[in-house]
Amino acid sequence: MDKSILVVEDESSIRKFVKINLERNGFKVLEAESGEEGIAIARKEKIDMVILDIMLPGIDGFQVCKVLREEFPNLGIIMLTAKSQDVDKIMGLEYGTDDYMTKPFNPTELVLRVKSLVRRIESSEDIEESTILVSKPFEIDTYSRKFYKESCEIELTPTEYAIAKLFLQNPGRAFKRDEILNLVWGYDFVGDSKIVDVNIRRLRAKIEYDSSNPSFIETVWGIGYRWKNVD
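Cut-offs and rules
Residues numbered from 1 in each chain as written. Predicted model: local features only at pLDDT ≥ 70, side-chain atom pairs only at ≥ 80, totals over all residues. Heavy atoms only, no water. Pairing = 2+ DSSP bridges. Helix = DSSP H or I, 4+ residues; strand = E, 2+ residues; numbered from the N terminus. Axes fitted to C-alpha atoms, helices over the stretch in contact; angles between N-to-C directions. Contact = heavy atoms within 4.5 Å. Polar contact = N/O pair within 3.5 Å; in protein donor to acceptor, adjacent residues only side chain to side chain. Phe/Tyr/Trp six-rings, centres within 6.5 Å; stacked < 30°, edge-to-face > 60°. Buried < 20%, exposed > 50% of the residue type's maximum accessible area, 1.4 Å probe, protein only. Lys NZ or Arg CZ within 6 Å of the ring centre and 35° of its normal. Core = buried A, V, L, I, M, F, W, Y, C linked by side-chain atoms within 4.5 Å. Salt bridge = Lys/Arg side-chain N within 4 Å of Asp/Glu carboxyl O.

**Some words on the sheet that holds strand 11 (residues 217-220)**
Remark on secondary structure: sheet strands pair via backbone hydrogen bonds, oriented parallel or antiparallel.
Here is step 1 of the chain: Judged by pairing direction, the sheet is antiparallel, and its three strands sit side by side in the order 10-12-11 without closing on themselves. Only two strands of the sheet have a single neighbouring strand rather than two, namely strand 10 (174-176) and strand 11. In this sheet, neighbouring strand axes are inclined to one another by 30° on average, regardless of whether the strands run parallel or antiparallel.
Here is step 2 of the chain: Direction of pairing for strand 10 relative to strand 12 (residues 224-227): antiparallel, over a ladder of three bridges. Bridge assignment links F175 to a residue of strand 12, and that residue is Y225.
Here is step 3 of the chain: Contacts from helix 7 (residues 177-185) reach strand 10 and strand 12, with the element oriented near 80° to strand 10.
Here is step 4 of the chain: Strand contacts of helix 8 (residues 194-207): strand 11 and strand 12, with the helix running at about 145° to strand 11, the strand carrying the most contacts.

Listed below in C-alpha cells is the structure:
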C-alpha cells in the first residue's frame, strides 16, 4: 500500500503488536514512545496516518491530536483508549480524530479500520475534473479539494470534506446515519455509528453561523441529517 503510519504508544508490547500486524499488511510503520516524540517525527517524516494512544507520558494523546490536526489537516488519526466511557471517545473525535478503538482490540479489526481510513484519505486526494459545487454561502472545488464559506477557505479533515461533499451533491436529501456511514466510511466499516454524529457536530462547529442552532446541516429526527439549500 506504500503508506506510512506512525504509532504513538508508550507500552512497547502494544506498539510492537500493532507494528507487526500493520507491516504484514504492507504498511511502513514508524514508532514513538511519547507525544513529544510523535510530533517531532510527524514534522520530520512523510506520514499518512497516526495511531495515537490517549494515555502518554508528558502531553497526552488529546493534545498531540490537536497539534497534529492543526499542522496536518489531511493526516488520518485513529485514537486508542483503554477507557470504555463514551466521553473519552467523543473527546478524541472533537479534537479531530477520524476514528477510535478501545483496548484491548482485535488486530484484524484495527487493520480493517486503517484500510478504511486509507481509502477515505485517498478518495479525498483523488484528482477530479474541476467541479464547483455551490450552495450559498458555500463552495467546494473538487479539483483542489477546498471548501469555502463566503469565499474564505475552511480547513476540513478528509472525513469532514467527504461529508460536506456528500451533502452539497445531494441538497435537500435526508440521509440516514447508516447511509452516511456506508458512503463516507465504507460498507466494511466495523465501528460505531455514533462517529457520524460527532463528525457532523464538528463540521457544524466549523461552517455554521451558530452551531447550536444550525441553518445548513439539519437534523431529521429519528432518521439522520439533511443539507438545507438556502439558494
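**Concerning the side chain of S135**
Here is step 1 of the chain: Inspection of the secondary structure puts S135 in strand 6 (residues 132-135).
Here is step 2 of the chain: Looking at S135, its side chain comes within polar contact range of the side chain of W227, at 2.9 Å.

**Description of the packing of aromatic side chains**
The description of an aromatic ring pair rests on the distance of the ring centres and on the angle between the ring planes.
Here is step 1 of the chain: Summed over the entire model, instances satisfying the criterion amount to nine aromatic pairs.
Here is step 2 of the chain: Both rings, one in F138 and one in F216, keep their centres 4.7 Å apart while their planes meet at 85°; by these two values the pair is edge-to-face. Of the two residues, F138 is situated in strand 7 (residues 138-141) and F216 in the loop between helix 8 and strand 11; the sequence distance between them amounts to 78 residues. The two residues F138 and F216 agree in class, both being buried.
Here is step 3 of the chain: Grouped by ring-pair contacts, the aromatic residues F138, F147, F167, F175, Y209, F216 and W227 constitute a single cluster.
Here is step 4 of the chain: When the ring centre of Y161 is taken as origin, the NZ or CZ atom of R145, which lies over that ring, is 4.7 Å away.
Here is step 5 of the chain: The aromatic ring of Y209 is capped on one face by K149, whose charged end is 3.7 Å from the ring centroid.

**A closer look at the sheet that holds strand 9 (residues 152-153)**
Here is step 1 of the chain: Across the sheet, four strands lie side by side as 6-7-8-9; this open sheet has antiparallel pairing. Edge strands, defined here as strands with exactly one partner in the open sheet, are strand 6 and strand 9.
Here is step 2 of the chain: Looking at chain direction, strand 7 and strand 8 (residues 146-149) are connected through four bridges and run antiparallel. Residue pairing for strand 8: I140 is matched across the bridge by F147.

**Concerning the nonpolar core**
Here is step 1 of the chain: Formed by 49 residues in total, the largest nonpolar core has its most connected members in L6, L52, F167, I180 and W185.
Here is step 2 of the chain: Grouped together as the second largest cluster of nonpolar side chains are 19 residues, I5, F27, F105 and I121 included.

**What about the pattern of salt bridges?**
Here is step 1 of the chain: As enumerated under the stated definition, the model contains 19 salt bridges in all.
Here is step 2 of the chain: Salt-bridge contacts for R202 lead to E160; the nearest nitrogen and oxygen are separated by 2.6 Å. In this pair, R202 is assigned in helix 8 and E160 in helix 6 (residues 158-169), connecting sequence segments 42 residues apart. No difference in accessibility class separates R202 from E160, as the two residues are buried.
Here is step 3 of the chain: In this structure, E179 and R173 form a salt bridge, with 2.8 Å as the shortest nitrogen-oxygen distance.
Here is step 4 of the chain: For R173, a relative accessible area of 36% gives the class partly exposed.
Here is step 5 of the chain: Where salt bridges share partners, they join R15, K16, K19, E23, E31 and E33 into one cluster.

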